[in-house]
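Summary of structural features
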Amino acid sequence: MNPRLLVAVLAATGIVVSLAQTLVVPILGELPVIFGTDVATASWVITVTLLVGAVSTPVMGRLADLYGKKRMMLVAVTPFILGSIVCALATDVVVMILGRGLQGLGTGMIPLGISLIHDVLSREKAGSAIALMSSSMGIGGALGIPVAAAIAQFASWRVLFWATAAIAVATAVAIALIVPALRPAAGTVSKPAGFDVVGAIGLAVGLTSLLLGISKGAEWGWGSVLTLGSLGVAVVVLVAWGAYEWRRPGPLVDLRTTLRPVVLLTNLASVLFGFSMYAMNLIIPQVMQLPVDLGYGLGQSMIQMGLWMAPLGLGMMAVSGLGARISYRKGPKLTLTLAGVIIAAGYGATALILATLGSRAPGPADGATILWTLVLLCCAGALVGCGIGFAYGAMPALIMSAVPATEKASANGLNALMRSLGTTISAAVIGALLGALSQQVAGVPVPTQTGFLVALLCGAGAALVAAGVAVMIPAKGGTEGPERPQPST
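Every value quoted in this text rests on a predicted model; they were computed, and no experiment measured them. (Residues numbered from 1 in each chain as written. Predicted model: local features only at pLDDT ≥ 70, side-chain atom pairs only at ≥ 80, totals over all residues. Heavy atoms only, no water.)

Secondary structure assignment for the protein yields 19 helices and two strands. In summary, the protein has a C-alpha radius of gyration of 22 Å against a globular reference of 23 Å for 489 residues, a match within 12%. Referenced to the eigenvectors of the C-alpha coordinate spread, the extents of the protein come out at roughly 70 × 50 × 45 Å. Counting only residues that meet the buried cut, the protein has 57% of its 489 residues in that class. Expressed as a percentage of contacts within the protein between residues at least 6 apart in sequence, the contacts between residues at least 24 apart total 81%. For the protein, the computed accessible surface area is about 19000 Å², with 71% contributed by carbon and sulfur atoms. (Helix = DSSP H or I, 4+ residues; strand = E, 2+ residues; numbered from the N terminus. Rg over C-alpha atoms; globule rule 2.2 N^0.38 Å. Buried < 20%, exposed > 50% of the residue type's maximum accessible area, 1.4 Å probe, protein only. Contact = heavy atoms within 4.5 Å. Areas by Shrake-Rupley, 256 points an atom, 1.4 Å probe, with all protein chains shown as cover.)

Turning next to the nonpolar core. In this structure, Phe273, Ile283 and Leu336 are the most contacted members of the largest nonpolar core, which totals 65 residues. Among the elements of the structure, α13 (261–289), α14 (302–318), α16 (332–358), α17 (367–401), α18 (408–436) and α19 (449–472) are those that each provide at least two residues to this core. When residues in this core are grouped by element, the largest group, 14 residues, is from α13. If near-sequence neighbours (up to four positions away) are discounted, Leu336 is found in contact with Ala269, Phe273, Ala391, Ala394, Met395, Leu398, Ala470 and Ile473. In terms of nonpolar packing, the next biggest core, distinct from the first, is built from 56 residues, Ala54, Met72, Phe80 and Met133 among them. (Core = buried A, V, L, I, M, F, W, Y, C linked by side-chain atoms within 4.5 Å.)

For the structure on display, the rule yields three aromatic pairs. Measuring from centroid to centroid gives 6.2 Å for Tyr296 and Phe452, while their planes differ by 65°, and the two rings are edge-to-face. Pair noted here: Tyr296 is in the loop between α13 and α14 and Phe452 is in helix α19, with a separation of 156 residues, a long-range link. Stacked on the ring of Trp246, the Lys or Arg Arg256 has its end atom at 4.1 Å from the ring centre. (Phe/Tyr/Trp six-rings, centres within 6.5 Å; stacked < 30°, edge-to-face > 60°. Lys NZ or Arg CZ within 6 Å of the ring centre and 35° of its normal.)

Of the residues in the protein, 91% reach a pLDDT of 70 or more, and the chain-wide mean stands at 83. At the level of individual helices and strands, the protein shows its lowest average pLDDT in helix α8 (residues 123–154), which scores 72, and its highest in α19, which scores 94. In this model, residues 186–192 is a region of pLDDT below 50 whose contacts with residues beyond four sequence positions or in other chains number eight contacts. (pLDDT = per-residue confidence, 0-100.)

With that out of the way, let us pick up the pattern of salt bridges. Pairs can form between side chains of opposite charge whenever their charged atoms are close. Throughout the structure, instances matching the rule amount to one salt bridge. Measuring nitrogen to oxygen at the nearest pair gives 3.4 Å for the salt bridge that ties Asp196 to Arg248. Of this pair, Asp196 sits in the loop between α9 (158–178) and α10 (197–220) while Arg248 sits in the loop between α11 (225–247) and α12 (255–258), and the two are 52 residues apart along the sequence. For Asp196, a relative accessible area of 1% translates into the label buried. (Salt bridge = Lys/Arg side-chain N within 4 Å of Asp/Glu carboxyl O.)

Along any regular strand the residues' side chains alternate between the sheet's two faces. Pairing between strand β1 (residues 438–441) and strand β2 (residues 444–447): four bridges, direction antiparallel. Within β2, the position partnered with Gln440 by the bridge is Pro445. A loop of two residues connects β1 with β2, the two strands running antiparallel in sequence, and Ala442 in this loop sits at a positive phi of about 55°. (Pairing = 2+ DSSP bridges.)

Moving on, we come to a nonpolar patch on the surface. A cluster of nonpolar side chains, contributed by Val197, Ile201, Val205 and Val233, occupies part of the molecular surface with about 320 Å² of accessible area. Mapped onto the secondary structure, Ile201 falls in helix α10. Overall, Ile201 belongs to the exposed group, its relative accessible area being 52%. (Patch = residues over 30% accessible without salt bridge, like charges linked within 9 Å, V, L, I, M, F, W, Y side chains within 5 Å.)

Moving on: helix α1 (residues 3–22). With 20 residues, α1 should cover 28 Å at 1.5 Å per step; its first-to-last C-alpha distance of 29 Å lies within 8% of that length. Among the residues making up α1, those that are buried are Leu6, Val7, Val9, Leu10, Ala11, Thr13, Gly14, Val16, Val17, Ser18, Ala20 and Thr22. (Expected span 1.5 Å × (residues − 1).)

This is the structure:
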């Protein structure tokens, strides 16, 4: 087995999955016209992928612990391919939503790839590989927007999904040929309880209700029956699910393991880092595309905005090796703490740039001012990307150092779920803030400069709190992992 080739295949898998999540962003505004539907229904084209991904990731992780990571990666990529084809052929919004839901089932491949790297590579080599694999979600997301925008502008939107399906097929072939098949960790298959079907259903219902309430609260109204009902169902179901999982042998999620200080605090930090990562993606694209006449807009097209945002993902990739070396020598706790500080600094720099831009009188800005502002925002975004790269490399290292071999994939899947929860909360909170602090421009509500600045401060605050949580992680979280299984012959 060639370690570099293995890492390349797994990282490519993560990028393909993340591309699917940003694939429809350039055409989201056109979907109501394409399918003859309303904006609220069209928004489910994005929401359903995130929901299915969040629910299926911990389930895939547990199945991987039972039946093998390579097998479950191939299982996950199959509906992803099918979903891409369904979307390419879709003639109405219901079929499109169904295809996007099938694509969401592929989300679990990223945490599975991370835990597989930990199994087959030495601790020294695994660090940088895990960091690269973990940050592949951000890399694909940052690079996917300009590519998807260019394809949507110069070709049919269906080409986006045909291309994704073709790339996913190539990825599946590479997984089958290159990724080694490992025996399930000792003791997993022999557990009398087997796979926890009731736990999986309970988690799916609870998480779906929770994420629906959070993601649709602003649209439905935070005091509406739908929002309160969704959140109420989530609380009841998740409490009952927790009580069931605590008593059951061989649970879907071992709650005793998740309550270990290292795991608990790392998962809490993951929610905060997920919030801070997504906030930047919600704020800066809007600033770049707003008209320059507002005084704080930069008047960029979708493709131009995507290109200016690309350094955020490239920053994540650039520091993966450095973060791994810091984690190897000083421990992932220090890397995670530094990540929070770096992200907060990037948000602070972005707020300063935007405040300076908005201090001028409303009206057209000269080209030099816009260019320099874009360059500075690009640098600040790259700084945030570096911090996220540090964080996304350190979190899996902390998790896998604190759980037994029989639970690595499921624990890593739960950690990925915490990040998804953070991004969902970020979308709701930042969306509500920008909606409340808006003004009417030609009859259209547009966030004010103050709204953007408050949202940026929220992102910085989340990053600083995440750094504080990282400081509290016990130092003996360990960088030593359990004995790795051997490839089957």
